[in-house]
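# Descriptive analysis of the structure
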Amino acid sequence: MLILYLQMLDTPEEKVRFEEIYLKYRSIMFHVADNILHNDQDAEDAVHNAFVRIIKKFSRFQNTVVKDLAPQVIVIARNEAISLRRKKKDTVPLEDWDSFAETAESVSDYHALVEMFTRLPLTYRAALEMKLLGYSDGEIASKLGLSKTAVSTRISRGRQLLRSIVEQEDFLRNA
């Protein structure tokens, strides 16, 4: 599939950049889509649609460091999965509409919160990102080479640190 995507891009620089994004985020995007769709083939379709969408708007991804693109590519994959599920069912559960409405109303708040999230030390941020993506503590422990207790501790401390950053920035009172 990667070769097909690369053929859709113009310059060698774009191709190298896209390949970095593809290799770094493909499995995470699949995991997010699969958590929504509960079907490997549908999740693959959603990830494919997400990558096509990324290519169509590729200029938006060129000035951001690849490691900082996680929120954007994950949201794209999630939205593609929800869209695919909606097409298959012709209805969307109420909780998805509520989530969408909250997201649409607070895009600027979302970006500010993501920026605060990036201030966390990598040890906490990695565990929290995986938890937000739906990984269990056991899966996180396996991927990071830690014990479940260490993962639980990092997630707890990361949340506390993020909470203190949010309070310092007076984020909740400005929202």
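Residues numbered from 1 in each chain as written. Predicted model: local features only at pLDDT ≥ 70, side-chain atom pairs only at ≥ 80, totals over all residues. Heavy atoms only, no water.

## Section: the nonpolar core
Formally: We call a set of buried Ala, Val, Leu, Ile, Met, Phe, Trp, Tyr and Cys residues a nonpolar core when their side-chain atoms join them within 4.5 Å. For every residue, the accessible area obtained with a 1.4 Å probe (protein chains only) is divided by the maximum for its type, and the residue is called buried under 20%, exposed over 50%, and partly exposed between those limits. Counting from the N terminus, the helices are DSSP H or I runs at least four residues long and the strands are E runs at least two residues long. For this analysis, residues touch if any pair of their heavy atoms sits within 4.5 Å.
Within the largest apolar cluster, 49 residues are counted, with the highest numbers of intra-cluster contacts made by Phe18, Ile21, Tyr25, Met29, Phe51, Ile54 and Val73. Mapped by element, the contributors of at least two residues to this core are helix H1 (2-7), helix H2 (12-37), helix H3 (40-56), helix H4 (70-89), helix H6 (107-117), helix H7 (122-132), helix H8 (137-144) and helix H9 (148-168). When residues no more than four places from it in sequence are discounted, the contact partners of methionine 29 are Val47, Ala50, Phe51, Ile54, Val73 and Ala77.

## Some thoughts on the pattern of salt bridges
In plain terms, the rule: We count a salt bridge whenever a side-chain nitrogen from Lys or Arg sits within 4 Å of a carboxyl oxygen from Asp or Glu.
Across all of its chains, the model carries five salt bridges by this definition. With its nearest N and O atoms 2.5 Å apart, the salt bridge here joins arginine 26 to glutamate 44. You can see arginine 26 sitting in helix H2 and its partner glutamate 44 sitting in helix H3, a full 18 residues away along the chain. The partner of arginine 53 in a salt bridge is glutamate 80, and the shortest N-O contact between them spans 3.0 Å. One end of the pair, arginine 53, is in helix H3; the other, glutamate 80, is in helix H4, with 27 residues separating them in the sequence.

## Comments concerning the packing of aromatic side chains
Cut-off, in case you're wondering: In this analysis, rings of Phe, Tyr and Trp, with Trp reduced to its six-membered ring, are considered paired at centre separations within 6.5 Å, and the interplanar angle assigns stacked below 30 degrees, edge-to-face beyond 60, and tilted for intermediate values. Each ring is checked for a lysine NZ or an arginine CZ that lies within 6 Å of its centre and within 35 degrees of its normal; such an atom marks a charge sitting over the ring.
For the structure shown, the criterion picks out four aromatic pairs. Between the aromatic rings of phenylalanine 18 and phenylalanine 58, the centroid separation amounts to 6.1 Å while the plane-to-plane angle is 55°, which identifies the pairing as tilted. Pair noted here: phenylalanine 18 is in helix H2 and phenylalanine 58 is in the loop between H3 and H4, with a separation of 40 residues, a long-range link. Grouping residues by exposure puts phenylalanine 18 and phenylalanine 58 together as buried. Three or more aromatic residues link up through ring pairs in this structure, and these residues are Phe18, Tyr22, Phe51 and Phe58. Lysine 24 extends its terminal NZ or CZ atom over the ring of tyrosine 25, reaching a point 5.7 Å from the ring centre.

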